[in-house]
Amino acid sequence: MDAYDLITRNASEVVTEDEVRALADDSEGKRAYVGYEPSGVLHIGHMLTANKLIDLQEAGFEVVVLLADVHAYLNGKGTFEEIRQTAERMKAQFIAYGLDESQTEFVLGSEFQLDESYVLDLHALELETTLSRAERAMAEIKSGESVTVAQAVYPIMQALDIVYLDVDLAIGGMEQRKVHMLARDTLPSINEDAPTCMHTPLIADLATGIGKMSSSKGVTISMEDTTEDIEEKVNDAFCPPTADPDPTDDGEARDNPVLQIFEYHVFPRFERVVVERPDKYGGNLEYDDYESLEADLESGELHPLDAKGALAGYLDELIAPGREKIDA
Ligand code: IYR
């Protein structure tokens, strides 16, 4: 796989392709980052962007993980003290998950976001940003119903982080895209370049395939799950024999979350996927890439129950090292 393909594999959106190609052509010393609100326990959503950071490390990037304590506070996630403590735990879980500690810079937001120059630049950007634009940027990030003043400041700070962390590439899930577009539009007003961004897909709700999987509602998978929890959740997951299920009777779009997790979590981390089956059902199936697994599910060669059994095993393997950190 060439550098551009590795950097962009499984991305939903690259802004812009030309800018990422330029980074891929000369990745030496380039820096990429993801910011996370410390929320206690790593879940499958965090793991998806972490997979991208692992790809980027492989492509030669320096990787920065921002533990966004001030952002979590502004988004109403608890007291500063509580948030700080969960940040420490999350860092340990990221390392257990596979981010190379010697190649990853972990930064707490409060280490630089309270500096005078940052605050003055923040106010300069506030002058350039309408309240409605900030509100729109937060649509998929805010906790609670209405948008508070704190939550309107949040995306402007996220834009400024790109400057202060001196990164060449900002990564986030698709729910972060409006914040990044705000950054691209407003940073030039303080004489900074519009940042290059890349967004990872959102996985559908595990039980229904409708909407996006979320840690606050529905079923998610986290490092707190036991082997049995994972088996149960995956076994109950929505998995029709197609990657493109029909919409619901009410017209809501559906995805196949089991296939999505194979595509975005399992294949990027395992070279070969083995689906174990007794000989009387045809024996084991082996896959070197996601597409052949999808094709077998669609043709009926691979039964959804066997696919789920294999998925639970691989997810457990990915989660086990982090789970041990929690238990420790
Ligand atoms: N908005 C993110 C957290 C976050 C991300 C970045 I990139 C920042 O610079 C700051 C905060 C979230 O929703 O978790």
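Residues numbered from 1 in each chain as written. Predicted model: local features only at pLDDT ≥ 70, side-chain atom pairs only at ≥ 80, totals over all residues. Heavy atoms only, no water.

S.K.: Whenever I open this one, empty space enclosed by the protein confuses me. Can you help?
M.R.: Within the structure shown, the criterion is met by two cavities of 30 Å³ or more. In terms of lining residues, the largest cavity is bounded by Arg9, Asn10, Ala11, Leu48, Asn51, Lys52, Asp55, Thr200, Pro201, Tyr264 and Pro268. Element by element, the count of residues in the lining of the largest cavity is highest for helix H3 (residues 44–58), at four residues. Split into classes, the residues belonging to the lining of the largest cavity amount to five nonpolar, three polar and three charged. One number sums up the size of the second largest cavity: a volume of about 40 Å³. Around the second largest cavity sit Arg136, Ala137, Ala139, Glu140, Met174, Glu175, Arg177 and Lys178, which together line it. Of all the elements in the fold, those that place two or more residues in the lining of the second largest cavity are helix H7 (131–137) and helix H9 (177–186). (1 Å grid on protein atoms, 1.4 Å probe; cavity = no way out; pocket = protein on both sides within 12 Å on 5 of 7 lines; lining within 4 Å. Points joined across faces, edges and corners; volume = space filled by probe spheres on them. Helix = DSSP H or I, 4+ residues; strand = E, 2+ residues; numbered from the N terminus. Nonpolar A, V, L, I, M, F, W, Y, C, P; charged D, E, K, R; others polar.)

S.K.: Could you clarify how one ought to interpret the domain arrangement of the protein chain in this entry?
M.R.: Along its sequence, the protein chain is organised into domain 1 (3–200) and domain 2 (227–327). Once you take the C-alpha centre of each, domain 1 and domain 2 turn out to be 29 Å apart. Listed by partner, the interface residues are 14 residues for domain 1 and 13 residues for domain 2. Of the roughly 1,200 Å² buried where domain 1 meets domain 2, counting both sides, 63% is carbon and sulfur surface. By the criterion of area lost to domain 2, the three top residues of domain 1 are Asn10, Ala96 and Tyr97, representing 35% of everything that side buries. At the boundary of domain 1 and domain 2, one finds zero salt bridges. (Domains from an automatic or database assignment. Contact = heavy atoms within 4.5 Å. Buried area = accessible area lost by both parts, 1.4 Å probe. Salt bridge = Lys/Arg side-chain N within 4 Å of Asp/Glu carboxyl O.)

S.K.: Hey, could you run me through the sheet that holds strand S1 (residues 13–15) in this one?
M.R.: The strands that make up a sheet are held in pairs by hydrogen bonds between backbone atoms, and each pair lies either parallel or antiparallel. Spatial ordering of the open sheet is given by S1-S6-S5-S2-S3-S4, a layout of six strands whose pairing is mixed. Strands at the two margins of the open sheet, each flanked by one partner only, are S1 and strand S4 (104–108). Across the sheet, the axes of successive neighbouring strands diverge by a mean angle of 20 degrees, strand direction being ignored. Inspection of the sheet shows S1 paired to strand S6 (residues 196–200) by three bridges, in the antiparallel sense. Considered in S6, the bridge of valine 15 is made with cysteine 197. Across the face of the sheet, helix H2 (residues 17–25) comes into contact with S1, strand S5 (169–173) and S6 while running at roughly 80 degrees to S1. Each of S1, S5 and S6 touches H9; the most contacted strand, S6, lies at about 175 degrees to it. (Pairing = 2+ DSSP bridges. Axes fitted to C-alpha atoms, helices over the stretch in contact; angles between N-to-C directions.)

S.K.: Just checking my understanding: could you explain the site of the ligand for this structure?
M.R.: Tyr33, Gly35, Glu37, Leu66, Ala68, His71, Ile141, Tyr154, Gln158, Asp161 and Gln176 make up every residue found near the ligand. In this structure, glutamine 158 approaches the ligand through a side-chain N or O atom, which is 2.9 Å from a nitrogen atom. Protein burial of the ligand: of its 390 Å² of free accessible surface, 91% is covered by the chains. In this structure the site holding the ligand corresponds to the largest pocket. Elements with a contribution of two residues or more to the shell around the ligand: strand S2 (31–36) and helix H8 (149–164). The biggest single contributor to the shell around the ligand is H8, with three residues. Split into classes, the residues belonging to the shell around the ligand amount to five nonpolar, four polar and two charged. (Near = heavy atom within 4 Å. Polar contact = N/O pair within 3.5 Å; in protein donor to acceptor, adjacent residues only side chain to side chain. Areas by Shrake-Rupley, 256 points an atom, 1.4 Å probe, with all protein chains shown as cover. Sits in = over half its atoms within 2 Å of the grid points.)

S.K.: Even after reading the chapter, I still don't get the packing of helix H11 (residues 257–266) against helix H12 (residues 290–299), so can you show me in this structure?
M.R.: Each packed pair of helices is defined by two parameters, the angle between the axes and the distance between the axes. For the pair H11 and H12, the least separation of the axes is 10 Å and the interaxial angle reads 165 degrees. Of the possible angle classes, the one that applies to H11 and H12 is roughly antiparallel. Here the hand of the crossing between H11 and H12 comes out right-handed. Taken together, the residues of H12 that come into contact with H11 (itself represented by Leu259, Phe262 and Glu263) are Tyr290, Leu293, Glu294 and Leu297. Tallied by class, residues from the contact of H11 with H12 come to five nonpolar, no polar and two charged. (Parallel < 35°, antiparallel > 145°, perpendicular 65-115°, else oblique. Left-handed = near helix turned anticlockwise from the far one by under 90°.)

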